[in-house]
Amino acid sequence: MRSFIRFIVDHMLISVIAAVAVIAIGISSIPLLKISDLPTVEMPSLVVTLTLPGASPAEIQNRVIFEIEDELQSLGDIDEFETDIFKSFAIIRIKFFYGVDINDKYLEVSSKLNKLQDELPSDLESSIEKQSPSDLLVPFVFALVGPDLTYVQRLNWSNQFKLSLRRNEFLQQIEVVKSDREAVVWLDMDRMRQYGISIDSVSQAIVSENRFLPVGTMEFGDQAVTIIPPGSSYHRIADVAATPLLTGGGKSIKLADIATVEEVYKPDPVLHRLDGQPATLITAKTRDDANVLAVREQIDVLLDQFRKQLPAGVELHLLYNVEEGVRRNITGLLWNVVQGIGILCVVLLFSVGYRSTFAIGIMLPFSLMLSLVWLSLTDFGLQQMSVAGFIIALGLIVDNGIVVTENAFKLSHYRGFNNRDAAVEGTGSVISPLISSTLTTALAFLPVFLLTSKTGLFMRSLSVTIWLCLGASLFIAVTVTTLSVSRFGTVNRLWLFPELPTRNGFFKRLNRMRKMPTPPSFLNALIPFRDIHFITALQAAIRHWWALLLLVLGLFVLAGWCVQQVPQIVFPDSDDPFFHHQY
């Protein structure tokens, strides 16, 4: 390790170029980061929804649930299995142990349900969904306001804007918030009697045509895949009108021959208004690997282009976007870094001198940039939890630099080492303690990383960010800080002006005054306290060890009582400018 340190010190040009490269790569890696509001967490659980129209809970349990539970119980890595049965439908929740590939389990559950197709009721419908907290978040909400437009006209313009948003590859699940569409079938009873068709037969034909019915199953070992033909359900009103019916004489006719089919909209259960004007909302989610800052810029371009197509009096607004909160978090992080550097420099200036302050202070920007480079190689990205990790790590980053500079100061001040030798020997002699202290600090955040609850998975990026900062701090302390100490040393004197010619007696007196002392160190003021009061107290504690033990036990009991008084909340109140109303 000393050979590596000597290389860093002796080849200053290479070291400086490498340090500048770290800053440059760190800045250039920011656009490559996945930047979002919250971390993406995929829970190891699946939800199976089963629908059997008109069936009672007992019928669903006997005909459906018992069969499915027997088949699904053979799944491996199940942590919890829960079934809720209601009238006409049931929900099965399967939670797996953390670490399983949920995509594989999704395929396995789907395969087992496909194998049971012949044993389950023919009119049973099922769906399987993966759970992720990020699915509940809507990063972008748009509002199309048109006081002179009808409800259907606003929907048409909203759908056109939806198609425009789909051109952005990082947007997904773009939806127009609207009431449900309905197809109303007006039956002609005279024609029905003429063809010998009953109302029940019409109802059964519509139900059977509007289902995703499998036409077969392909088995691959212990897995089965259901084959569903395209066009096996209604997509347009014309599909409803084309529903085939059998007459009493065995001939085939269409539903349109005996009925009139119309498309209607349900009355809005919620009236959307913006500034008192009727509006239609459009929501859009982002991909897991999206950079919301870049997505917002692309959305602004799409908005400008689409607004030019709108008729007079119609407006399109970006009602809510998560980018503002994300940008606020990043700005807050940068401001905290600036504050941290300022406070750190002031404190260190009065404790270790300006030269050591410089060597320690430059650790913060270099360590943070290197951490960003490493963070860009992970799937966590920059979001609220990782920003919190950076803020927590601000106070931990400089510890390694303080150890390096203080050890070099002792060798230079007390043992007469020159700057180069003091830097090499000072860093080389403490490299093992530096690694040990960094590892022990990192291990303190391991329990948070190992939590498998929803909260634990959500906070996992916090631990990873702190680990990256600690690793970067150790590397920067051994390289950049050591190089700075070797070049500038730890002598805390300021030169007011260059050395003057000594032929003049006045200049000789000025030369003796040209070095100005740096601000006094308060650590030196603590030396009498260390040598007198602290050592006396330490010796007394050793002599009366039993009293010290009782004091520690008393403090432990007091801490346990104080923990019970602390409010238990998962997350603090959010200042985001939105609210949720449930009714």
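This one's a predicted model, so the numbers in the text were calculated from it and none came from an experiment. (Residues numbered from 1 in each chain as written. Predicted model: local features only at pLDDT ≥ 70, side-chain atom pairs only at ≥ 80, totals over all residues. Heavy atoms only, no water.)

Enquirer: Before we go on, may I ask you to explain a negative patch on the surface in this structure?
Expert: On the surface, a cluster of negative charge is made up of Glu42, Asp101, Asp104 and Asp288. By secondary structure assignment, the location of Asp104 is in helix 4 (residues 102-115). In this structure Asp104 comes out as partly exposed when scored by relative accessible area, which is 47%. (Patch = residues over 30% accessible without salt bridge, like charges linked within 9 Å, V, L, I, M, F, W, Y side chains within 5 Å. Areas by Shrake-Rupley, 256 points an atom, 1.4 Å probe, with all protein chains shown as cover. Salt bridge = Lys/Arg side-chain N within 4 Å of Asp/Glu carboxyl O. Lys, Arg positive; Asp, Glu negative; His and termini not counted. Charge placed at Lys NZ, Arg CZ, Asp CG, Glu CD. Helix = DSSP H or I, 4+ residues; strand = E, 2+ residues; numbered from the N terminus. Buried < 20%, exposed > 50% of the residue type's maximum accessible area, 1.4 Å probe, protein only.)

Enquirer: Sorry, what's going on with the packing of aromatic side chains here?
Expert: In this description, a pair of aromatic rings is defined by centroid distance and the angle of the planes. A complete count under the given rule lists five aromatic pairs for this structure. For the pair Phe142 and Phe161, a centre-to-centre distance of 5.1 Å together with 75° between the ring planes defines the contact as edge-to-face. Note that Phe142 is positioned in strand 5 (residues 140-145) and Phe161 in helix 5 (residues 151-165), a separation of 19 residues in sequence. A residue is classified by how much of its surface remains accessible, and Phe142, at 0% relative accessible area, is buried. Given the relative accessible area of 0%, Phe161 is considered buried. With 6.3 Å between their ring centres and 80° between their planes, Trp157 and Phe306 make a pair best called edge-to-face. With Trp157 in helix 5 and Phe306 in helix 9 (residues 292-307), the pair connects residues that are 149 residues apart, well separated along the chain. Aromatic ring contacts, followed pair by pair, group Phe142, Trp157, Phe161 and Phe306 into a single cluster. The ring of Phe449 has Arg460 lying over it, and the distance from NZ or CZ to the ring centre is 4.3 Å. (Phe/Tyr/Trp six-rings, centres within 6.5 Å; stacked < 30°, edge-to-face > 60°. Lys NZ or Arg CZ within 6 Å of the ring centre and 35° of its normal.)

Enquirer: Teacher, can you tell me more about the sheet that holds strand 3 (residues 89-96) here?
Expert: Sheets are built from strands paired through backbone hydrogen bonds, the pairs being either parallel or antiparallel. Spatial ordering of the open sheet is given by 2-3-1-4, a layout of four strands whose pairing is antiparallel. Both outer strands of the open sheet, strand 2 (78-85) and strand 4 (125-130), are each paired with one neighbouring strand and no more. For this sheet, the mean inter-axis angle between neighbouring strands, taken without regard to orientation, is 15°. Alignment of strand 1 (residues 45-51) against strand 3, held across seven bridges, turns out to be antiparallel. (Pairing = 2+ DSSP bridges. Axes fitted to C-alpha atoms, helices over the stretch in contact; angles between N-to-C directions.)

Enquirer: Can you walk me through helix 12 (residues 363-375) in this structure?
Expert: Owing to its 3.6 residues per turn, the α-helix brings residues three or four apart onto one side. Compared with an ideal rise of 1.5 Å per residue, which puts 13 residues at 18 Å, helix 12 spans 18 Å between its outermost C-alpha atoms and is within 8% of the ideal. Among the 13 residues that make up helix 12, 10 are buried, leaving the element largely enclosed by the rest of the structure. For helix 12, the secondary structure elements touched by its buried residues are helix 2 (12-29), helix 10 (323-349), helix 11 (354-361), helix 13 (384-397), helix 14 (399-414) and helix 19 (460-488). (Expected span 1.5 Å × (residues − 1). Contact = heavy atoms within 4.5 Å.)

Enquirer: For this particular structure, what's the right way to read the nonpolar core?
Expert: In globular proteins that are soluble, nonpolar side chains generally tend to be buried together. Ranked by internal contacts, the top residues of the largest apolar core, which has 48 residues, are Ile35, Val326, Leu368, Leu382, Phe390 and Ile397. Among the elements of the structure, helix 1 (2-10), helix 2, helix 9, helix 10, helix 12, helix 13, helix 16 (431-443) and helix 19 are those that each provide at least two residues to this core. By residue number, the principal contributor to this core is helix 19, which donates nine residues. Phe140, Leu165, Ala290 and Leu316 belong to the second largest nonpolar core, which has 23 residues in total. (Core = buried A, V, L, I, M, F, W, Y, C linked by side-chain atoms within 4.5 Å.)

Enquirer: Is there a simple way to explain the environment of Ile5 in this structure?
Expert: One can find Ile5 in helix 1. In sequence terms Ile5 and Gly428 are 423 residues apart; their C-alpha atoms lie 7.3 Å from each other. Once residues lying within four places of it in the same chain are set aside, the contact partners of Ile5 are Val424, Thr427, Gly428, Val478 and Thr482.

Enquirer: What exactly am I supposed to notice about the packing of helix 2 against helix 12 here?
Expert: In helix packing, the relevant descriptors are the interaxial angle and the interaxial distance, both defined with respect to the helix axes. At their nearest, the axes of helix 2 and helix 12 sit 8 Å apart, and the two run at 50° to each other. Here helix 2 is positioned oblique relative to helix 12, judged by the angle of their axes. As helix 2 packs across helix 12, the resulting crossing turns out to be left-handed. Facing helix 2, whose interface residues are Ala19, Val22, Ile23, Ile25, Gly26, Ile27 and Ser29, helix 12 presents Pro365, Phe366, Met369, Leu370, Leu372 and Val373. (Parallel < 35°, antiparallel > 145°, perpendicular 65-115°, else oblique. Left-handed = near helix turned anticlockwise from the far one by under 90°.)

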